[in-house]
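Residue-level listing of the chains:
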Protein chains: 4
Amino acid sequence: MTKRTAPPKIPPAGAAALIAAGRAFHARGWVPATAGNFSIRLDAKALAVTTSGRHKGELGKADFMRVDLDGRALDAGKRASAETLLHCQLYRHAGGIGAVLHTHSPASTVLSRTHDSIRLEGYELLKIFEGIRTHETAVEVPVFENDQDIARLSRVVDAHMKTGKVPHAYLIRGHGLYAWGRTVDEARHRVEALEFLFECELYERLSKSTGDRP
Amino acid sequence: MTKRTAPPKIPPAGAAALIAAGRAFHARGWVPATAGNFSIRLDAKALAVTTSGRHKGELGKADFMRVDLDGRALDAGKRASAETLLHCQLYRHAGGIGAVLHTHSPASTVLSRTHDSIRLEGYELLKIFEGIRTHETAVEVPVFENDQDIARLSRVVDAHMKTGKVPHAYLIRGHGLYAWGRTVDEARHRVEALEFLFECELYERLSKSTGDRP
Amino acid sequence: MTKRTAPPKIPPAGAAALIAAGRAFHARGWVPATAGNFSIRLDAKALAVTTSGRHKGELGKADFMRVDLDGRALDAGKRASAETLLHCQLYRHAGGIGAVLHTHSPASTVLSRTHDSIRLEGYELLKIFEGIRTHETAVEVPVFENDQDIARLSRVVDAHMKTGKVPHAYLIRGHGLYAWGRTVDEARHRVEALEFLFECELYERLSKSTGDRP
Amino acid sequence: MTKRTAPPKIPPAGAAALIAAGRAFHARGWVPATAGNFSIRLDAKALAVTTSGRHKGELGKADFMRVDLDGRALDAGKRASAETLLHCQLYRHAGGIGAVLHTHSPASTVLSRTHDSIRLEGYELLKIFEGIRTHETAVEVPVFENDQDIARLSRVVDAHMKTGKVPHAYLIRGHGLYAWGRTVDEARHRVEALEFLFECELYERLSKSTGDRP
């Protein structure tokens, strides 16, 4: 009888998947301190995102809140992660995106500080991305300048995506990785694949510089 | 009374050993995302292999299926890992092979991209391989070009092995490691030994380049 | 009826937080052997600190003792960590400090041996420190010379802080990191952030040296 | 009434401490495959040592056996680790040694291949060794040539020790670390300290080579 006005409740399975992702990422050193933030889409108009300042390796059910696609809080008394607008940008951009994971790893941070984009070429693992069926390809992960004005940063990301160059993931300089997928699992697999590839690239750049090529 | 027509059931202990191997490998970063695939021999004509697209750190009993030695599915409704034919090649090649483990590590990936084979020499750990009783030896781990045509790639591997140069393990460029043994335990020990040695080689190549020799 | 003469009991939640921090740090390799020591403030005049020679990854409730702000034992029969005076210096210096964590990591140890201070600039994670709201800043982590005379070392640290250059954390050469916060959680987050940043800096210094800049 | 002829039983607490050490070392990658072996002294004439070919991360109570100080099996039907004589040498050399741990890490393996001894200088963690009270010292960890003739290798180690240059620990080239202590805990702390220091040295050698000194 009640007309739907409230956004959907946060599905326990979705929260559990984000909690598990956080624990796994923390064990690998990809969400130090209170870094990172995670979200899932609730419906066409709302998402659930981690609240501000929580340690991502120790999330509990109470550490999520609902916001609309413009980043406005739908749950009273909670404060969303500062970077919620970057999550909103992705959900608005593509209806198929169901989960967004933002992580910080040493490899991605180091690479992002000295490159304007990270070219990943010839790796079998690139097949983790939609539409990629062969290692004989390259994926260019863009690096955006960090900006404390998240609304402005989200517009820069959005403008880049609207040029048609839709990245599979992106980095923010000195800051970290944004990756997404239809589900938390898919997004998590992409984080794992990208962090693996960034680690390879970091070693390769160190090795390359030494002339150790056969 | 029943004539044996069906392949043997997958032994629970065998599945459990592969599940445990997957968890251990994931903790070390050797099976990121859905990378890797594992199998055990069931009998002279069949093997059990991980189904397609599963995360190897979170395998369950339902994530295996039976295929014959030509890679044909023996269980309806399941899809085998794309690389099943590489497992089949090994089981056909040597009756003594009871388990095959395919992993992806940063060290093996980086080395495989810049070398045509990895020479491992003088390490005590080489004694993990059959027939090796001393560190005063060298093992050459071949690197095959990656190929999305797995049937073709498996023929390249097979042809290499038929020349008599039977490797103890092999790498696929930018892709990962194949190792095997009589049992899951033996195969797992070889993966651990090889990943250790590849890590040593990666550090040594970085160090060597700097002239830091006494 | 009893006049308060004894210091407060060690709060079980505080001890539990330090025990958990130790386990987490050991898993990351930041408290090898019996290295490191941890403390919490009990009140204006006393703190609880880990007893001497315990493995920080395996702390139990009995591995803490009370000392006053001059480092004098308040619990008979227990011996405090040798470096207790460095904890005392911090608690005396600022009433807002509620927890101090001292760790040893390879990255911080290596950097501390070759630099007189570690400049951390442009990282998003710097926002973990009080009063920092943007990545567009730099934090200078001072490196003090190691000294087995801890009373003397604590005076050097104190003199540095009294010049007005209050660091967010400090290193002791070839020895490790001191970080603090209002709570154990806050101090732990800062350790995680700093260790992350030191790891980035270590990679960056290795990479920089090779000319691998775009 | 029975005259004591049999060696003491293996104390459950000692076996448990070795089992726990193996699990912890394996999590850090220091006992890959079936590498490594561990022992405890039983009395003046006997020790308990890991049986041959077991994975040190998965030891059980049955994976230990008793041998005399000349390496002769005291338990029928079990085969001791090939390197048992190196353990015996240490127990014969010093009555105060109660536990010996042999591990394989990438850092120690890489360093041992290119150096004849590893000089560890100026580290706070050196205080983990007996008789060391300050970081203002250096410890020289000798590297012995690997030898499949363990009796001969143990005589080389013994001769070195008899010259008066008793090391705190030693490496075997391309093979691994031997460390010891009065108890399993003490030996384990030394392994952790040494592996930490070898990791520091590995980074420092890589860094040094690049001229990145202030």
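Structure: see above.
The numbers attached to residues start from 1 for each chain and follow its sequence in the written order. Note on labels: chains are lettered from A, ligands numbered from 1, in written order. It should be noted that, the model being predicted, local features are given only for residues of pLDDT at least 70 and side-chain atom pairs only at 80 or more, the latter also being counted only at that level, while totals for whole chains, interfaces and linings use all residues. The basis for every side-chain value is the complete set of non-hydrogen atoms in the structure, without hydrogens or water.

Trainee: Outline helix α3 (residues 106-114) of chain B, supporting the account with residue identities and numerical values.
Mentor: The cut-offs for exposure are 20% and 50% of the maximum accessible area for each residue type, with area from a 1.4 Å probe on protein chains only; residues under the lower value are buried, those over the upper are exposed, and the others partly exposed. Put simply, DSSP H or I for four residues or longer makes a helix, DSSP E for two residues or longer makes a strand, and each gets a number counted from the N terminus. Within α3 of chain B, nine of the nine residues are buried, which leaves it mostly tucked inside the rest of the structure. Restricting attention to buried positions, one finds in α3 of chain B the residues P106, A107, S108, T109, V110, L111, S112, R113 and T114 of chain B.

Trainee: Describe helix α2 (residues 84-93) of chain C, and please don't skip the residues or the numbers.
Mentor: Counting buried positions over the 10 residues of α2 of chain C gives seven, a clear majority of the element. Along α2 of chain C, the positions that sit buried rather than exposed are T84, L86, H87, C88, Q89, L90 and Y91 of chain C.

Trainee: Just give me the short version of the interface of chain A and chain C, but keep the residues and values in it.
Mentor: Contacts between chain A and chain C engage 27 residues on the former and 27 residues on the latter. Roughly 2,400 Å² is buried in total at the junction of chain A and chain C, and carbon and sulfur atoms are behind 59% of that figure. Ranking the residues of chain A by area buried against chain C places R113, T114 and Q148 of chain A at the top, with a combined share of 24%. When a carboxyl oxygen of Asp or Glu lies within 4 Å of a side-chain nitrogen of Lys or Arg, that pair is called a salt bridge. Taken together, the links from chain A to chain C amount to three salt bridges. Between E201 of chain C and R113 of chain A there is a salt bridge, with its nearest N and O atoms 4.0 Å apart. Contact criterion: two residues are considered in contact whenever any of their non-hydrogen atoms come within 4.5 Å of each other. By convention, the term buried area covers the 1.4 Å-probe accessible surface removed from two parts as they join, with the contributions of both added.

Trainee: I'd love a proper account of the side chain of R188 of chain A, names of residues and values included.
Mentor: Checked against the element boundaries, R188 of chain A lands in helix α5 (residues 184-208). We define a polar contact as two N or O atoms separated by no more than 3.5 Å, with the added condition that, inside protein, one atom must be a possible hydrogen donor and the other a possible acceptor, whereas residues neighbouring each other in sequence contribute only through side-chain atom pairs. Here the side chain of R188 of chain A touches E58 of chain B through a polar contact of 2.5 Å, side chain to side chain. In this structure, R188 of chain A is in contact with A21, A24, F25 and L101 of chain A together with H55 and E58 of chain B, ignoring residues within four places of it in sequence.

Trainee: Go over the packing of helix α2 (residues 84-93) of chain A against helix α4 (residues 150-162) of chain A with me, naming the residues and quoting the values.
Mentor: All names here are of chain A. What counts as an axis is a line fitted to C-alpha atoms, over the stretch in contact for a helix, and the angles between N-to-C directions run from 0 to 180 degrees. Put simply, α2 and α4 touch, their axes get as near as 9 Å, and they point 30° apart. One way to sum up the angle between α2 and α4 is to call them roughly parallel. As for the relative orientation of α2 and α4, their crossing is right-handed in sense. Here α2 contributes L85, L86, Q89, L90 and H93 to the contact with α4, which in turn contributes I150, A151, L153, S154, V157, D158 and M161. Among the residues forming the contact of α2 with α4, the class breakdown is eight nonpolar, three polar and one charged. Any angle that is under 35 degrees is reported as roughly parallel, and any over 145 degrees as roughly antiparallel; angles of 65 to 115 degrees are reported as roughly perpendicular and all others as oblique. A crossing counts as left-handed when the near helix is turned anticlockwise from the far one by less than a right angle, and as right-handed when that turn is clockwise. Under the grouping applied here, Gly and all other residues not named as nonpolar or charged are polar, the nonpolar ones being Ala, Val, Leu, Ile, Met, Phe, Trp, Tyr, Cys and Pro and the charged ones Asp, Glu, Lys and Arg.

Everything listed is a geometric property; what it means functionally is a separate question.
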